[in-house]
Protein chains: 2
Amino acid sequence: MHRLTPLAESLPATVPFVGPETQERSRGRPFAARLGANESGFGPSPRAVEAMARAARDAWMYGDPEVHDLRHALAAHHGVPVESIVAGEGIDGLQAYLVRLLVAPGDAVVTSLGAYPTFAFHVAGNGGSLHAVPYRDDREDLHALAAKARETGAKLVYLANPDNPMGSWHGADAVTRFLGDLPEGTVLCLDEAYADLAPAEAIPPLDPTDGRVIRMRTFSKAHGLAGLRVGYAVAHPALAGAFDRIRNHFGLGRVAQAGALAALEDGAWLDHVRAEVARSRERIAGIARANGLQPLPSAANFVAVDCGRDGAFARRVLDALGARGVFVRMPGVAPLDRCIRVSCGPEPDMARLGEALPEALRDARA
Amino acid sequence: MHRLTPLAESLPATVPFVGPETQERSRGRPFAARLGANESGFGPSPRAVEAMARAARDAWMYGDPEVHDLRHALAAHHGVPVESIVAGEGIDGLQAYLVRLLVAPGDAVVTSLGAYPTFAFHVAGNGGSLHAVPYRDDREDLHALAAKARETGAKLVYLANPDNPMGSWHGADAVTRFLGDLPEGTVLCLDEAYADLAPAEAIPPLDPTDGRVIRMRTFSKAHGLAGLRVGYAVAHPALAGAFDRIRNHFGLGRVAQAGALAALEDGAWLDHVRAEVARSRERIAGIARANGLQPLPSAANFVAVDCGRDGAFARRVLDALGARGVFVRMPGVAPLDRCIRVSCGPEPDMARLGEALPEALRDARA
């Protein structure tokens, strides 16, 4: 009926993630513990909340399309030139732009099997040819990724460090070596959504003179502003500047810019969240072990918990947790899908998890 | 250095609009009257402000990717099925998706010469071949648009009704006839950003069984929420549903959804704004006439003021107003560019305009 482009016509109407609200509507009541989307139940900085409330009164004005104040603050924070910073509608939005800039139909892109579905969604949406290599020992396999990039002449390679959904990570040196193993002209999209929560040794220094990599960060995780949709990337100014050719220039609204800026300025809140997340990782690990399950080490605000059997079993555990009001997610492919992925959260949510897990396991084993 | 796609490589790094903040930074102080971006200086509904402030505390949670509550409220408000409503990151964001769905490189698209630059930006960004026909008597020329669509076999035609930047409009019957004049398979992007402020007779009834047209609305204008970035479209469910193939599913955050929903529910505020806008249009017209200039009739929240000479003269008036702290914009092409475009605003801004205009005209004539 409508003359969609051949590419658009070929795309499935799939959705990378089903939101917990959809599940809540279908089950007829809200979840008691929202531990599935790696949001920060510790909340945003009170200063960010105040800034958003103040900006709400000014919401009749478009946000600054240059995102001047936030980008300058980020540049100062990271010690990089402002020209190397591009701000946008979350990492999802920035990845959409990046793929559009680099990937024409048929162009090769490399990722890991089971890595971020939204990145794969954007590659498909631009007609890219996605090559996925398996994880190795629950970590993204840097050797296999680089080999696949060389084999396919990939224009773009995706790596999340720390990794989602497994929580594993590579050290800065390994990431830097990996960059050197990529073929000439390949761009690495280094998704560092969880960088604020990772050990310092996992994060290579930012070097915007290096055109081979674009580093993506977000206010959705440690900063607790997932519902505001603000991400940013640090890249060589030539690549950062290219976003201006296609980005939605007014896409980052006034409330979003104000909230993100205030969050950035509240380093004490970030420290507080880091401590809470570290505590919560231990708490999740303890609950898992108490139930005979194996928590995986995590450098992020969630813990992948090995349920000890196959994906079907983990799915039953997840469903049984959901039925008890505890929302979690799980990796999509084997062998990662032997795990459920539990986001960190405040103690009441942890207590609910601790209550629900033994019952969920009993159900899943029945 | 970076292997951009040939399309991305070919795009200029131009920006559809320079924000007033950029001008403020360059002049070293803020504008006293912000009357250039067709924002609503009457502000958002206090209930929307309250809803945003409340949602700010919950901003750690992603927004519902189905935008369930807002879309259902819009469906009820307009008396259309919820499947015909797609919500997104402003009309800009929705147009970006629409163009991507319909326009492959080389596909023909028709618009008016001097119409919305952001639409043209999206067409260029997707490699579309844009055909622009001149305005006629300061209105978009429906006959010429339809003829050009037939001549080029356009996949997409753009019409703003009421029009931006001129404020002119066509009656509902003319728009309906225009739709019938388009060739089979052409989609009309009917940009109705200013519908809430237009006379009822300008707006055809919404009919989502009609696959030939997609109607775009926004919370940025009458609702005073430009800084929140929420727009929506009403279309045949087949077209509305196609957005799911490419849209940024979490692109509409929690604060944005909450603010828009509260604004929609505050009909009294909308009535108040409509009255204020009507008053302000008269006020701008009066100021223009008092200075020997000709205000054009407007069905929107701005008035195009004919400065009586050419584009260079209007540009001097605009610059001189800016130097006096009054931010306005102007159309980009002749003969529309004999006008400046002044947004409606509260009385203090009108008073500033009334003070500045005689001096600006004196400067421009000097």
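Residues numbered from 1 in each chain as written. Chains lettered and ligands numbered in written order. Predicted model: local features only at pLDDT ≥ 70, side-chain atom pairs only at ≥ 80, totals over all residues.

### Section: the interface of chain B and chain A
Across the contact, 73 residues belong to chain B and 73 residues belong to chain A. Contributions of two or more residues to the side of chain B that touches chain A are made by helix H1 (6–10), helix H2 (20–27), helix H3 (46–57), helix H5 (90–102), helix H9 (237–242) and helix H10 (254–265) of chain B. If you tally residues by element for the side of chain B that touches chain A, the top one is H5(B), at 6 residues. (Contact = placed C-beta atoms within 7 Å. Helix = DSSP H or I, 4+ residues; strand = E, 2+ residues; numbered from the N terminus.)

### A word on the sheet that holds strand E6 (residues 187–191) of chain B
All names here are of chain B. Across the sheet, 7 strands lie side by side as E2-E8-E7-E6-E5-E3-E4; this open sheet has mixed pairing. Taken across any chain shown, the strands that pair with only one partner, and hence form the sheet edges, are strand E2 (85–88) and strand E4 (129–133). Between one strand axis and the next, the sheet turns through 20° on average, direction left out of account. Both strand E3 (residues 108–112) and strand E5 (residues 156–160) contribute to a ladder of 2 bridges, which runs parallel. Paired with valine 109 across the strands is leucine 156, a residue of E5. The strands touched by helix H4 (residues 68–78) within the sheet are E2 and strand E8 (231–234), with E2 carrying the most contacts at an inclination of about 130°. (Pairing = 2+ DSSP bridges. Axes fitted to C-alpha atoms, helices over the stretch in contact; angles between N-to-C directions.)

### Here's the deal with the domain arrangement of chain A
Residues and elements named next belong to chain A. If you check the domain split of chain A, you get domain 1 (18–43 + 268–365) and domain 2 (46–265). Distance from the C-alpha centre of domain 1 to the C-alpha centre of domain 2: 25 Å. On the side of domain 2, 23 residues touch domain 1, which itself brings 23 residues to the contact. At the level of elements, helix H11 (267–290) and strand E10 (302–306) are the ones that each hand at least two residues to the side of domain 1 that touches domain 2. The dominant element in the side of domain 1 that touches domain 2, judged by the number of residues it contributes, is H11, at 4 residues. Class assignment for the residues of the side of domain 1 that touches domain 2 results in 14 nonpolar, 6 polar and 3 charged. (Domains from an automatic or database assignment. Nonpolar A, V, L, I, M, F, W, Y, C, P; charged D, E, K, R; others polar.)

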